[in-house]
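# Structure assessment
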Amino acid sequence: MEAKSWKDSSAIMQRVVLPPDTNVFNNLYGGRLMEWIDNIASIVAFKHSRRNVVTGSIDSLYFLTPISIGDIVTIESRINYVTKETMEVESDVVSEDHITGDKKFTTRAFLTYVAVDNSGKPVPIPELRIDTEEDRIRWEEGAKRSEYRKSQLREIRKHPPKI
Ligand SMILES: CC(C)(COP(=O)(O)OP(=O)(O)OC[C@H]1O[C@@H](n2cnc3c(N)ncnc32)[C@H](O)[C@@H]1OP(=O)(O)O)[C@@H](O)C(=O)NCCC(=O)NCCS
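A brief look at the structure comes next.

Reading the values: rules and limits
Residues numbered from 1 in each chain as written. Predicted model: local features only at pLDDT ≥ 70, side-chain atom pairs only at ≥ 80, totals over all residues. Heavy atoms only, no water. Helix = DSSP H or I, 4+ residues; strand = E, 2+ residues; numbered from the N terminus. Buried < 20%, exposed > 50% of the residue type's maximum accessible area, 1.4 Å probe, protein only. Contact = heavy atoms within 4.5 Å. Near = heavy atom within 4 Å. Polar contact = N/O pair within 3.5 Å; in protein donor to acceptor, adjacent residues only side chain to side chain. Areas by Shrake-Rupley, 256 points an atom, 1.4 Å probe, with all protein chains shown as cover. Nonpolar A, V, L, I, M, F, W, Y, C, P; charged D, E, K, R; others polar. Patch = residues over 30% accessible without salt bridge, like charges linked within 9 Å, V, L, I, M, F, W, Y side chains within 5 Å. Salt bridge = Lys/Arg side-chain N within 4 Å of Asp/Glu carboxyl O. Pairing = 2+ DSSP bridges. Axes fitted to C-alpha atoms, helices over the stretch in contact; angles between N-to-C directions.

Quick look at the environment of Glu-35 now. Along the chain, Glu-35 turns up in helix 1 (residues 30-49). The class of Glu-35 is partly exposed, set by a relative accessible area of 47%.

What follows concerns the environment of Pro-122. By the secondary structure assignment, Pro-122 is in the loop between strand 5 (103-116) and helix 2 (133-158). When its relative accessible area of 34% is taken as the criterion, Pro-122 is described as partly exposed. Taking the C-alpha atoms as reference points, Pro-122 and Lys-84, 38 residues apart in sequence, are found 9.2 Å from one another. The contacts of Pro-122, once residues within four sequence positions are left out, are Glu-85, Val-114, Ala-115 and Val-116.

As a structural note, the neighbourhood of the ligand is formed by 15 residues, with Thr-55, Gly-56, Thr-83, Lys-150 and Arg-157 the closest of them. In this structure, Thr-55 approaches the ligand through a main-chain N or O atom, which is 2.8 Å from a nitrogen atom. For the ligand, an oxygen atom lies 3.4 Å from a polar atom in the side chain of Glu-85. In isolation the ligand exposes 920 Å². Once the protein is present, 56% of that is buried. Of all the secondary-structure elements, those providing two or more residues to the shell around the ligand are strand 2 (52-58), strand 5 and helix 2. Tallying contributions element by element places strand 2 first for the shell around the ligand, with four residues. Within the shell around the ligand, the residues separate by chemical class into five nonpolar, seven polar and three charged.

A grouping of Tyr-62, Leu-64 and Phe-105 is seen on the molecular surface, where their side chains present a nonpolar patch of about 350 Å² in accessible area. Following the sequence through the fold, Phe-105 ends up in strand 5.

Before going further, it helps to examine the sheet that holds strand 1 (residues 11-16). An order of 1-3-4-5-2 is seen for the five strands of this open sheet, with the pairing classed as antiparallel. Either end of the sheet is taken by a strand with one partner, and the two such strands are strand 1 and strand 2. Taking each pair of neighbouring strands and ignoring which way they run, the sheet shows an average axis angle of 30°. Of the pairings in the sheet, the one linking strand 3 (residues 72-82) to strand 4 (residues 86-96) comprises 10 bridges and is antiparallel in character. Note on strand 4: the bridge partner recorded for Arg-78 is Glu-90. Against the sheet, helix 1 makes contact with strand 1, strand 2, strand 3, strand 4 and strand 5, and its axis sits at roughly 40° relative to strand 3, the strand it touches most. Along the sheet face, helix 2 touches strand 2, strand 3, strand 4 and strand 5 and points at about 80° away from the line of strand 3.

What follows is the structure, encoded as structure tokens:
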């Protein structure tokens, strides 16, 4: 498989916040934003792997500023790091007042997707090509997060709750 640049799979989603997307304060409901983030990030994972993918994990999400009804939400997603079968996709969320054009950074999420075959078993994906210094820095930071995630995954698998 030929290595791919992050540019081959990056994607942008824009939405205007409408009444069905809001909570009791007329702000964007957090669950809706998480759905949009997962949707656009999965597109990036599809485009990089050209396989079926499942969401493995979403790193902690901190919502820094509320997003109001009528705001324009832009989510930019790109790959930072891959392993043999997984992809780390970063999604940055910015809200924009539709009248004034004021923009606010809302949140950043790192999602991990696993490419799978038709029986749900992990399968190999293309490598990520590193072309620039920024690509290299993102790769190294992604590698550190990946190690941390794997240690968390081992812990969760070792100590599942009693059900
Ligand atoms: C994700 C899944 C396919 C992994 O299958 P598995 O046979 O347990 O995979 P393995 O343990 O061999 O792990 C394969 C790779 O995936 C990574 N991985 C597995 N589960 C993961 C998870 N939940 N989060 C992040 N990474 C994960 C492993 O660390 C490993 O990475 P590596 O290639 O860097 O070493 C499987 O656990 C699954 O189907 N989970 C449910 C996914 C889902 O339903 N998501 C929500 C709806 S899309």
